[in-house]
Amino acid sequence: MALIEAAGLRKAFGDFVAVDGIDLQISAGESFGFLGPNGAGKTSTMRMIGCTSPVGGGTLRVLGMDPTTQAAQIKARLGVVPQQDALDEELTVAQNLAVFGRYFGISRAELYRKSGPLLQFAQLTEKAGAKVDTLSGGMKRRLTIARALINDPSILLLDEPTTGLDPQARHILWDRLFRLKREGVTLVLTIHYMDEAEQLCDRLVVMDHGRIVAHGSPRELIRTYASREVLEVRFDVPDHAQKAADVDGLADRVEVLADRLLLYTHDGDAALDALTDRGVHPQSTLVRRASLEDVFLRLTGRSLVE
Ligand SMILES: Nc1ncnc2c1ncn2[C@@H]1O[C@H](COP(=O)(O)OP(=O)(O)OP(=O)(O)O)[C@@H](O)[C@H]1O
Ligand SMILES: [Mg+2]
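In what follows, the accompanying structure is described. (Residues numbered from 1 in each chain as written. Chains lettered and ligands numbered in written order. Predicted model: local features only at pLDDT ≥ 70, side-chain atom pairs only at ≥ 80, totals over all residues. Heavy atoms only, no water.)

Here we look at the overall build of the chain
Step number 1: Helix and strand counts for the chain stand at ten helices and 13 strands.
Step number 2: Over its C-alpha atoms, taken along the principal directions, the chain stretches across nearly 75 × 45 × 35 Å.
Step number 3: Within the span of the chain, comprising 306 residues, buried residues form 50% of the whole.
Step number 4: Excluding contacts between residues fewer than 6 apart, the proportion of contacts in the chain whose partners are at least 24 apart in sequence is 68%.
Step number 5: Accessible area of the chain: about 14600 Å², with a carbon and sulfur share of 48%.
Step number 6: Across the chain, the 36 positively charged side chains and the 41 negatively charged ones have centroids separated by 7 Å. (Helix = DSSP H or I, 4+ residues; strand = E, 2+ residues; numbered from the N terminus. Buried < 20%, exposed > 50% of the residue type's maximum accessible area, 1.4 Å probe, protein only. Contact = heavy atoms within 4.5 Å. Areas by Shrake-Rupley, 256 points an atom, 1.4 Å probe, with all protein chains shown as cover. Lys, Arg positive; Asp, Glu negative; His and termini not counted. Charge placed at Lys NZ, Arg CZ, Asp CG, Glu CD.)

This is the structure in structure tokens:
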């Protein structure tokens with residue numbers, strides 16, 4: 001059964017269409033990702049699913065219910081991690097959990113029972129009595145996630161859970177998300193790191209200008225929109241466009257970036273040999289497997305890593 005189902009879902013702000021008729025089906029236990037450049041409409045979509053922004057058009061069902069008329073019932077079974085942490089900075093870590101728990105009508109005794117394991121899950125046990133404004137960015141993010149779990153949600157919505165975190169904090173967070181997924185929580189997330197999207201998402205959609213431009217598993221997307229391998233070539237030139245002619249015909253497709261050329265081919269080493277045979281000697285080269293980053297670049301013409 002689809003836990004989240006959208007058909008022709010739309011959202012406009014004045015004349016500006018942020019979400020332009022998208023169709024989605026997200027199943028129970030699935031980990032589903034939204035990828036897309038800034039302004040693609042990811043947060044707008046997540047906010048409609050989370051019942052914090054009214055549906056602008058089309059239909060949306062969350063847990064079989066209608067966000068327009070059954071927002072409270074839906075929210076009771078959702079955990080929401082917004083793009084910006086909305087913690088109470090003046091309160092302690094434990095107090096933040098308690099205040100949130102009371103929104104959901106959770107009793108004092110039950111809160112007491114839940115707080116310990118949640119703090120442990122978020123690795124914040126020692127910080128229980130610390131004021132939120134003294135926490136690091138990573139700790140705040142983990143607290144926001146712990147808080148979103150206070151009502152044992154069936155679906156966890158995470159809007160860029162790891163953006164802005166250092167690598168270590170990111171890894172701790174992803175470890176936590178893996179555990180939730182194993183426990184059967186349906187994860188719906190927006191992401192900016194392709195390596196993580198590849199690891200964590202069973203399925204994902206790429207959004208651009210409010211539309212879904214591709215969908216599938218990471219592997220399917222790579223197979224459809226990229227080649228098996230990529231040869232990256234860098235020259236000591238101010239503009240790589242002037243070097244495009246040097247690699248002409250060596251790959252299925254060539255992408256010209258500011259600082260390098262990307263040659264899409266089934267065999268990167270063979271392309272490199274052919275380049276050397278032409279007498280072309282780049283400053284540096286790299287053969288790698290194609291990734292979601294390449295899919296993204298192909299579909300949106302933009303690189304996610306700025
Ligand atoms: N409340 C609002 N009023 C007016 N315009 C809005 C509002 N919220 C979002 N938008 C616009 O809608 C578009 C989509 O925004 P949204 O936040 O959904 O993008 P996003 O994909 O989440 O981007 P990011 O990766 O930067 O978080 C943007 O152009 C944004 O300026
Ligand atoms: Mg966003």
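The rest of the description comes next.
Comments concerning the sheet that holds strand β1 (residues 2-13)
Step number 1: Read from one edge of the open sheet, three strands run β2-β1-β4, paired in antiparallel fashion. Two strands lie at the open edges of the sheet, namely β2 (16-27) and β4 (57-62), each paired on one side alone. Averaged over all neighbouring strand pairs, the angle between strand axes comes to 15°, with direction disregarded.
Step number 2: Here β1 pairs with β4 via five bridges, running antiparallel. Counted as the bridge partner of Ala6 is Leu60 from β4.
Step number 3: Here helix α1 (residues 42-49) sits on the sheet in contact with β1, β2 and β4, set at roughly 125° to β1. (Pairing = 2+ DSSP bridges. Axes fitted to C-alpha atoms, helices over the stretch in contact; angles between N-to-C directions.)

Considerations on the coordination of the magnesium ion (ligand 2)
Step number 1: Summarising the metal site, the magnesium ion (ligand 2) is bound by the protein donors Thr43 (OG1) and Gln83 (OE1), whose distances to it range over 1.9 to 2.3 Å. A residue pair is termed long-range when its members are at least 10 positions apart, and Thr43 in helix α1 and Gln83 in the loop between β5 (78-81) and α3 (93-103) qualify at 40 residues.
Step number 2: The class for Thr43 is partly exposed, based on a relative accessible area of 26%. (Donors = N, O, S within 2.8 Å, 3.2 Å for Na, K, Ca; no water.)

Focus on the sheet that holds strand β12 (residues 261-265)
Within a beta sheet, neighbouring strands are joined by backbone hydrogen bonds and run either parallel or antiparallel to one another.
Step number 1: One open sheet accounts for four strands, arranged β11-β12-β10-β13; its pairing is antiparallel. The sheet is open, and its two edges are formed by β11 (253-256) and β13 (284-289), each paired on a single side. Strand-to-strand twist in this sheet, taken as the mean axis angle between neighbours without regard to direction, amounts to 20°.
Step number 2: Across six bridges, strand β10 (residues 229-234) lies against β13 in antiparallel orientation. The residue bridging Leu231 from the neighbouring strand is Val287, located in β13.
Step number 3: Along the sheet face, helix α10 (residues 292-300) touches β10, β11, β12 and β13 and points at about 105° away from the line of β12.

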